[in-house]
Amino acid sequence: MTGKLPFEALSVETLATRLGANEALCSHIGRDTTRWKVREVGDGNLNLVFIVEGAQGAAVVKQALPYVRLVGDSWPLPLKRSFFEYHALTRQEARAPGSVPAIYHFDEGQALIIMEYLSPHIILRRALIEGRQLPNIARDIGLFMARTLFRGSDLHMATRDRKADLALFADNVELCDITENLVFSDPYFDAKMNRHTSPQLDGIVAELRGDRDLKVEAQRLKHIFAANAETLLHGDLHSGSIMITDSETRMIDPEFAFYGPIAFDVGMLLANFWMAFFSQRGHEQNGKRDAMRAYLLDVTVETWSVFRTEFSHLWRTERTGMLYQKSLFEDQGDRLGAEQALDHMLHKVWTDMLGFAGVEVHRRILGLAHNADFETIADADLRATCEAKALKFGRHIAVNRRQIHSIDEVNTLAALLEGENRI
Ligand SMILES: Nc1ncnc2c1ncn2[C@@H]1O[C@H](COP(=O)(O)OP(=O)(O)OP(=O)(O)O)[C@@H](O)[C@H]1O
Ligand SMILES: [Mg+2]
């Protein structure tokens, strides 16, 4: 298959014929297509994902469609998201080696990526819902964020390369538009595709939509997101975009990649840990989740600490870009100057991160794209109780983000809200 053929969606039936001569795929899984077994994974919302098993191995084939898979042609979405996903994956691999699936092949015209089949990995969100405590996620994700976010910025890259990448990813307009609307605006008015657990949450939803301070803050955050092209973001770094085993952690699905503020990925990721925390109450049928709750709060502490430590390390050792040049500081014997600038930067990441985390919690409960942590709680009253606590938490950290000093303070608030049983 060449990129010159018109786009055509693959199917379980056609995949072996269409990709039977693809050298990259054949060399990884075996050439005898009669022995290929193809199945569609089908738990994504946007794209087609197939697992192809051959005599010698397996691979994943991910193909974009000209629309949102879950919704159909009524919601068109450009094929080029696959191009951005591919280019983001190659950069993430270079900046944080071993953190993403290996890429075997990319076909721009067919909007498809052939990549390593991660097995026996499962989606992190599923593991957290099951109550599994993974020992390495905080370290692995903290390192991934620090390395990709630092090394994709003007702190590290040659300015010519960064500007070229900025231009390249600037064209990912449609997916960026989804983030801008779904995360920062839709939860705070009666947007068409919104939904929430009703009627249980109707009262608190009305309260949040009438909350002037919150709405102003959400728009300030949207402005920060839109106007601060600091680094190449993953753009959709939640627990559903991470695959794990007990010892391995891999990030997948960076199709929302875009130049934006460092704090965005960090805030979105931590919000998903806090949501996992608030959802545990809904998953206690087979036993208490006290230890799991404590584990999740520890994970937020460690993730943030690993991120800070690694970011600081890279600041001291790899600050080769045009910002805060060593010629202004270390080369003049002024190490303290460099540390002062680092403190300023990390402080800004901290306060913005809390804001992004707060709105991420809101949009997962009030917007279009809910998460399984809450959705799999069948009892609507119980689900609403968990969601209401998370909504209050999100509001508090978004609005008070400049007055909160430590992750322990945030976790004390989470524990306090969790102990409250009334909505
Ligand atoms: N490299 C891989 N190895 C194993 N499984 C994978 C791999 N990539 C994706 N999957 C599986 O396919 C599912 C969908 O993948 P992915 O999230 O990339 O698709 P998507 O359509 O972009 O989904 P989303 O709605 O989250 O945007 C994942 O949840 C995971 O179960
Ligand atoms: Mg996706």
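Residues numbered from 1 in each chain as written. Chains lettered and ligands numbered in written order. Predicted model: local features only at pLDDT ≥ 70, side-chain atom pairs only at ≥ 80, totals over all residues.

## Describing the overall build of the chain
Then, in step 1: Scanning the chain from terminus to terminus reveals 15 helices and 12 strands.
Then, in step 2: In summary, the chain has a C-alpha radius of gyration of 22 Å against a globular reference of 22 Å for 423 residues, a match within 12%.
Then, in step 3: The principal-axis extent of the C-alpha atoms belonging to the chain is close to 65 × 60 × 40 Å.
Then, in step 4: A total of 423 residues make up the chain; the buried ones form 44% of that total.
Then, in step 5: Contacts spanning at least 24 positions in sequence make up 75% of the contacts within the chain whose residues lie at least 6 apart. (Helix = DSSP H or I, 4+ residues; strand = E, 2+ residues; numbered from the N terminus. Rg over C-alpha atoms; globule rule 2.2 N^0.38 Å. Buried ≥ 20, exposed ≤ 12 C-beta atoms within 10 Å, placed from the backbone. Contact = placed C-beta atoms within 7 Å.)

## Here we look at the nonpolar core
Soluble globular proteins: nonpolar side chains tend toward being buried together.
Then, in step 1: One finds Val61, Leu270, Trp274, Met353, Ala357 and Val361 to be the most contacted residues of the largest nonpolar core, which totals 112 residues.
Then, in step 2: Considering every element that reaches this core, the biggest residue donor is helix 10 (residues 262-279), with 14 residues.
Then, in step 3: Taken together, domain 1 (15-116) and domain 2 (122-418) each give at least three residues to this core, which thus spans both.
Then, in step 4: Dropping the residues within four chain positions of it, Val361 is found in contact with Ala271, Trp274, Met275, Ala390, Leu391, Phe393 and Gly394. (Core = buried A, V, L, I, M, F, W, Y, C linked by C-beta atoms within 7 Å. Domains from an automatic or database assignment.)

## Comments concerning the sheet that holds strand 8 (residues 122-123)
Then, in step 1: Reading across the sheet, the 3 strands line up as 8-10-11 and stay open at both edges, with antiparallel pairing between neighbours. Looking along the sheet, the strands with just one partner apiece sit at the ends: strand 8 and strand 11 (249-251).
Then, in step 2: Pairing geometry for strand 10 (residues 242-244) and strand 11, over 3 bridges, is antiparallel. Residue pairing across strands places Met243 opposite Arg250, the latter belonging to strand 11.
Then, in step 3: Its contacts with the sheet place helix 5 (residues 137-151) against strand 10 and strand 11, and it is angled at close to 35° to strand 11. (Pairing = 2+ DSSP bridges. Axes fitted to C-alpha atoms, helices over the stretch in contact; angles between N-to-C directions.)

## Re the environment of Leu5
Then, in step 1: Of note, Leu5 is situated in the segment before helix 1 (15-19).
Then, in step 2: Taking C-alpha positions, Leu5 is 7.8 Å from Gln110, a pair spaced 105 residues apart along the chain.

## Describing unusual backbone geometry
Then, in step 1: Cis rather than trans, the peptide bond between Ser119 and Pro120 has omega equal to 10°.
Then, in step 2: The peptide bond linking Ser198 to Pro199 adopts the cis configuration, its omega dihedral lying at 10°.
Then, in step 3: In the Ramachandran plot, Ala111 falls in the positive-phi region, its phi being about 50° despite a non-glycine side chain.
Then, in step 4: Structurally, Ala111 is set in the loop between strand 6 (103-107) and strand 7 (112-116).
Then, in step 5: Located in the positive-phi region is Asp253, a residue other than glycine, with phi close to 60°.
Then, in step 6: Here Asp253 shows up in the loop between strand 11 and strand 12 (258-260).
Then, in step 7: Taking the number of C-beta atoms within 10 Å as the measure of exposure, Asp253 has 25 and is therefore buried.

## Concerning the confidence of the model for the chain
Then, in step 1: Here the chain averages 96 in pLDDT, and 99% of its residues register 70 or above.
Then, in step 2: The weakest mean pLDDT in the chain belongs to strand 5 (residues 72-76) at 91; the strongest belongs to helix 5 at 99. (pLDDT = per-residue confidence, 0-100.)

## Here we look at the site of ligand 1
Then, in step 1: Inspection of the region around ligand 1 gives 19 residues, with Gly44, Asn45, Asn47, Leu118 and Asp253 positioned closest.
Then, in step 2: Taken together, the elements giving at least two residues each to the shell around ligand 1 come down to strand 3 (58-63) and strand 7.
Then, in step 3: Among the residues making up the shell around ligand 1, the classes are represented as 10 nonpolar, 4 polar and 5 charged.
Then, in step 4: Here the shell around ligand 1 gathers at least three residues from each of two domains, domain 1 (15-116) and domain 2 (122-418). (Near = placed C-beta within 6 Å. Nonpolar A, V, L, I, M, F, W, Y, C, P; charged D, E, K, R; others polar.)

## Remarks on the sheet that holds strand 7
Then, in step 1: Reading across from one edge, 1-2-3-7-6 is the order of the 5 strands in this open sheet, with antiparallel pairing throughout. The open sheet has two edge strands with one neighbour each: strand 1 (37-40) and strand 6. Taken over all neighbouring pairs, the strand axes of this sheet differ in orientation by 20° on average, direction set aside.
Then, in step 2: Of the strand pairs in this sheet, strand 2 (residues 48-53) and strand 3 are connected by 6 bridges, and their pairing is antiparallel. Looking at strand 3, one finds that Leu48 is bridged to Gln63.

## Observations regarding the pairing of strand 5
Then, in step 1: Across the 5 residues that make up strand 5, only a small minority, 0, are buried.
Then, in step 2: Strand direction decides the pairing type here: strand 4 (residues 67-68) and strand 5, joined by 2 bridges, are antiparallel. Within strand 5, the residue paired with Tyr67 across the bridge is Pro76.

## Some details on helix 11 (residues 290-317)
Then, in step 1: The end-to-end C-alpha distance of helix 11 is 40 Å, a good match for the 40 Å that 28 residues give at a rise of 1.5 Å each.
Then, in step 2: Considered for burial, the residues of helix 11 that qualify are Tyr295, Leu296, Leu297, Val299, Thr300, Thr303, Trp304, Phe307, Glu310, Phe311 and Trp315.
Then, in step 3: Where helix 11 is buried, its residues contact helix 5, helix 10, helix 12 (335-366) and helix 15 (407-418). (Expected span 1.5 Å × (residues − 1).)

## Brief notes about the environment of Glu130
Then, in step 1: Note that Glu130 resides in helix 4 (residues 124-130).
Then, in step 2: Judged by the 11 C-beta atoms lying within 10 Å of it, Glu130 is exposed.
Then, in step 3: With 162 residues separating them along the chain, Glu130 and Met292 place their C-alpha atoms 9.8 Å apart.

## Some thoughts on the domain arrangement of the chain
Then, in step 1: In terms of domains, the chain is made up of domain 1 (15-116) and domain 2 (122-418).
Then, in step 2: One C-alpha centre belongs to domain 1, the other to domain 2, and the line joining them spans 27 Å.
Then, in step 3: Each partner contributes to the interface: domain 1 provides 15 residues, whereas domain 2 provides 18 residues.

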